[in-house]
Each structure stands twice: as C-alpha cells, then as structure tokens.
Amino acid sequence: MQTAPLGRTGMDITRVGFGAWAIGGADWANGWGAQDDEESVRAIRYAVEAGVNWIDTAGVYGLGHSEEVVARALRDFAGADRPYVFTKGGLVWDESDRQRQSDRIGAPASIRRDVESSLRRLEVERIDLFQMHWPAEDGTPVEEYWQTFRDLVDEGKLRAAGLSNHDVKQLEAAEAVGHVDSLQPPFSLIRRDAAADVIPWSAEHVTGVIVYSPMASGLLTGSFTAERAHALGDDDWRSRSPQFTGDGLRRNLALVEDLRPIAERKGVTVAALAVAWTLTFPGVTAAIVGARRPSQIDGWLPAAGLRLDDADLDDIAAAVTAHGAGTGPLRP
C-alpha cells in the first residue's frame, strides 16, 4: 500500500489509517452507540492485515475504552508487522458523570498524567504520536503545553508530538517553541476550511497532516440513508448533529447521489471517492478512516491508491456547489 512521510518524524505511513473513535462504544458524551468489542478487534486486525500501518485513537474515546481495545487487537503483532499507534490527550473526564463533556486541560501535570494513562492502556513503553486533542481552555498557553509535549519526546515517552483542531495562530505559537510534527484537522467534502489555512501552513513547515472524518462520520459512505439517520439513538452523538438532521441531512444525501456516478466510473465506492478527494490536496499526508466491522474496510481501502484527474475534480466540485454543501476550497 502506498505510503507517505509523516512530516519529519521518520515514519512513513499508509495514505489511509484506521480510526478508532467509534469503537469507544456508547456510555459517554460523544459515543456512536453500542459497539461489539469482538467486532472492533476483528476490524482492526483486518485493516492491519490488509496493509494499513497506523491506528488513530484517543484517551477520551469511550473514556479509555478505545485505547484498551486497540491494545487487545494488536497484542499478536510485533516488529515490522505492528502498526504505529497514534493517540491524543488533553481532555479530562469525570467518571461519575460519563455523559458530561470533558474539560480541555493543558496544565503540564495533567498532560503527563494523560500520557502515562495512554501508555498503560495501550500496553506500550513509547507512543508513536501523541497529540493535543483540542486547544486548552484552562488558561494554559499553547506555548506552555507544547513545551511539555516536546519535553516528553526528549524523555522518550513519545516518538513524535502533534496538535489536533488547532488554528494557524496556535500552530505558529507552538512552532516557535519546537517543531510541530503533525496536525490533525477535520477535512471532508462538506467540511473543507482546513484547505484554506492549516493544511497550507503545514505543507510550508513540513508538518505532517492526518485529516479526520473524511467520510463526514458516515454521511459520505454511500450507504447512509435518511432512515438510518432517523433511527440513530440518543447514545449516538450524530443524532444531535445538524448535518444528520433536517435540511443538512437532505443536502448531504443529495450530494452523495451526485457523487455516485463519479465513483462508479472510477470503479470504487462513494466512500473511497470521498477519502481520495482529501488526499489530492498538497500537504495532506493521510486520512483517518473509521470502521466498526471488517466489511466496512473494503469500501474505503481503495482510496489509498485512487487517482483523481481534473475531470473528476471538476465533477466533484460541481456536485458540491450544486447542493451548497459546506465551505472552503472545492479542489486543490
């Protein structure tokens, strides 16, 4: 499977990676509903055996549960067969109120606790990439928590360090302290703003970029329907999202129908087309793609090697424009 260098980290990663948000399961504020752990383990193993060489998770996914499932799935992989594991911290939750949104904490002592907790749950001695999940809201300056990240790299706890959901100003502040190894922004056909600012910034600074939600949390898979949206339970965060309800849902599903003939002529699913579109942008290293069962992986794996020409990109841009989906650049 095609790989690309993740900035200056020395890691060459496959153009698509396995996203482990949904396998955190239900019973927390941003869960995706009930999830079978055995199915999760099979999905992760299937992706790795198919050639995917990195997994993205976070401490907050399932309030620690996703990391534990990832560790379980990877126990039998060693050496060159073992994928990189990327995770995130900086979100502190309350075990006594699992539905409460986590606090965004950047205090150095808290970041260090997050790292130690992730090391334990992932059953590793060093984390390949640890990222600040969101900018801190506890008053800790970017420069202060980023210094902690760089210190943890120097101490050998982390191989590389990155930022997720940070803007250009915050990236600049961090870069002044020490190099930002990677950035993780949201990026999809219906959420394109990163292509106008943080992705070009990253390309200029040789910062790797792994984009998340390239299939818009399921909307751009080609298999999502209005019926499925209406059936989402209260334990699935998407049931409360404007993209999955009302006019937003109708617009997004109409866009998928216009993408379908483009995908068909390329011989791939709408999911693969949507993911491949994100990979056409200069500066994007790879895309995080979620799956809850092995069968879903076959739908997006071809994105890693799919080439979109000018005609494809023009047709995709026309479809997005016709339905007024999202904001941001329409093509590279």
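Scope of this entry: the structure provided in the associated data block. Keep in mind that what you see is a predicted model, and the values were worked out from it rather than measured. (Residues numbered from 1 in each chain as written. Predicted model: local features only at pLDDT ≥ 70, side-chain atom pairs only at ≥ 80, totals over all residues. Heavy atoms only, no water.)

## Comments concerning the overall build of the chain
Assigned secondary structure in the chain consists of 11 helices and 12 strands. Relative to its length of 332 residues, the chain is compact, with a C-alpha radius of gyration of 19 Å against a globular reference of 20 Å. Taken along its principal axes, the extent of the C-alpha atoms in the chain is 50 × 40 × 40 Å. Sequence separation of 24 or more characterises 75% of the internal contacts of the chain that already satisfy a separation of 6 or more. (Helix = DSSP H or I, 4+ residues; strand = E, 2+ residues; numbered from the N terminus. Rg over C-alpha atoms; globule rule 2.2 N^0.38 Å. Contact = heavy atoms within 4.5 Å.)

## Quick word on the packing of aromatic side chains
Throughout the structure, instances matching the rule amount to nine aromatic pairs. Where W28 meets Y61, the ring centres are 6.3 Å apart and the plane angle is 45°; that geometry is what we call tilted. Of the two residues, W28 sits in the loop between strand 3 (16-19) and helix 1 (37-49) while Y61 sits in the loop between strand 4 (54-56) and helix 2 (65-74), which places them 33 residues apart along the sequence. Owing to a relative accessible area of 4%, W28 belongs among the buried residues under this scheme. Classification of Y61 as buried rests on a relative accessible area of 8%. Grouped by ring-pair contacts, the aromatic residues W21, W28 and Y61 constitute a single cluster. (Phe/Tyr/Trp six-rings, centres within 6.5 Å; stacked < 30°, edge-to-face > 60°. Buried < 20%, exposed > 50% of the residue type's maximum accessible area, 1.4 Å probe, protein only.)

## Focus: the environment of S295
The residue S295 is located in helix 10 (residues 294-300) in this model. With a relative accessible area of 52%, S295 lands in the exposed category. Taking C-alpha positions, S295 is 23 Å from L189, a pair spaced 106 residues apart along the chain.

## Considering the sheet that holds strand 12 (residues 286-290)
Taken in spatial order, the eight strands line up as 3-4-5-8-9-10-11-12 and close into a barrel, and their pairing is parallel. Pairs of neighbouring strands in the sheet enclose a mean axial angle of 30°, with direction left out of account. Of the strand pairs in this sheet, strand 5 (residues 84-89) and strand 8 (residues 127-132) are connected by four bridges, and their pairing is parallel. Bridge pairing in strand 8 links T87 to F130. (Pairing = 2+ DSSP bridges. Axes fitted to C-alpha atoms, helices over the stretch in contact; angles between N-to-C directions.)

## Brief notes about the side chain of T9
Assignment of secondary structure puts T9 in the loop between strand 1 (3-5) and strand 2 (12-14). We classify T9 as buried; its relative accessible area is 14%. At 2.7 Å, the side chain of T9 and the backbone oxygen of L6 are in polar contact. At 3.1 Å, the side chain of T9 and the backbone nitrogen of M11 are in polar contact. Ignoring anything within four residues of it in the chain, the contact list for T9 reads R159, A160 and D181. (Polar contact = N/O pair within 3.5 Å; in protein donor to acceptor, adjacent residues only side chain to side chain.)

## Notes on the side chain of E67
Tracing the backbone through its elements, the reader meets E67 in helix 2. Among the residues examined, E67 registers a relative accessible area of 0% and is labelled buried. Ignoring sequence-local partners within four residues, the contact set of E67 consists of T57, A58, G59, T87, S118, R121 and L122.

## Topic: the pattern of salt bridges
A full pass over the atoms with the stated rule returns 21 salt bridges. Between R250 and D247 there is a salt bridge, and its shortest N-O distance comes to 2.3 Å. Of this pair, R250 and D247 both sit in helix 8 (residues 246-266), separated by three residues, roughly a single helical turn. The pair R250 / D247 is uniform in exposure class, with both members exposed. Several salt bridges share partner residues, and in doing so they unite R265, K266, D312 and D315 into one network. (Salt bridge = Lys/Arg side-chain N within 4 Å of Asp/Glu carboxyl O.)

## Re unusual backbone geometry
Notably, L63 is not glycine yet its phi reads approximately 55°, a positive angle. Turning to its location among the elements, L63 is positioned in the loop between strand 4 and helix 2. The backbone of S213 sits at a positive phi, close to 55°, despite the residue not being glycine. Mapped onto the elements, S213 comes out in the loop between strand 11 (208-211) and helix 7 (226-230).

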